[in-house]
Amino acid sequence: MFNDYSDLLNVDELCDILSIGKNTAYEILNNGDMKAFKTGRVWKIPKLSVENYILEKSNLVKH
């Protein structure tokens, strides 16, 4: 599913994977709904965090 992406994603790649806009992506990141970190002003999103987010939101895995 994510083989075309590196292990760390940027916001544009996150938007592409989830088919969402940048405003929604920043909302997800700023709310802490997806584990990620910032380097300066640039968000770095581990691919594993995206996979976990998808599983949680689709109710396939519960924490």
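Residues numbered from 1 in each chain as written. Predicted model: local features only at pLDDT ≥ 70, side-chain atom pairs only at ≥ 80, totals over all residues. Heavy atoms only, no water.

Peer 1: Just to check I follow, could you spell out the packing of helix H1 (residues 11-18) against helix H3 (residues 47-57) for this structure?
Peer 2: How two helices pack is summed up by the angle between their axes together with the distance between the axes. Relative to each other, H1 and H3 sit at 35 degrees, their axes nearing to 12 Å. By crossing handedness, the relation of H1 to H3 is classed as right-handed. Facing Leu14, Ile17 and Leu18 of H1, the residues of H3 in contact are Val50, Tyr53 and Ile54. The class makeup of the residues in the contact of H1 with H3 is 6 nonpolar, no polar and no charged. (Axes fitted to C-alpha atoms, helices over the stretch in contact; angles between N-to-C directions. Helix = DSSP H or I, 4+ residues; strand = E, 2+ residues; numbered from the N terminus. Left-handed = near helix turned anticlockwise from the far one by under 90°. Contact = heavy atoms within 4.5 Å. Nonpolar A, V, L, I, M, F, W, Y, C, P; charged D, E, K, R; others polar.)

Peer 1: Where do I start with unusual backbone geometry in this structure?
Peer 2: It is generally the case that most residues other than glycine have a negative phi and that most peptide bonds are trans. Located in the positive-phi region is serine 19, a residue other than glycine, with phi close to 55 degrees. Residue placement: serine 19 occurs in the loop between H1 and helix H2 (22-31). What makes serine 19 exposed here is its relative accessible area of 65%. In this structure, asparagine 59 takes a positive phi of about 60 degrees despite not being glycine. (Buried < 20%, exposed > 50% of the residue type's maximum accessible area, 1.4 Å probe, protein only.)

Peer 1: Honestly, the packing of H1 against H2 in this entry has me stumped. Any pointers?
Peer 2: Look at H1 against H2: their axes get within 9 Å of each other, and the N-to-C directions meet at 105 degrees. The orientation of H1 with respect to H2, classified from their angle, is roughly perpendicular. Residues Val11, Asp12, Leu14 and Cys15 of H1 form the contact with H2, whose participating residues are Lys22, Ala25, Tyr26 and Leu29. Classifying every residue of the contact of H1 with H2 gives 6 nonpolar, no polar and 2 charged. (Parallel < 35°, antiparallel > 145°, perpendicular 65-115°, else oblique.)

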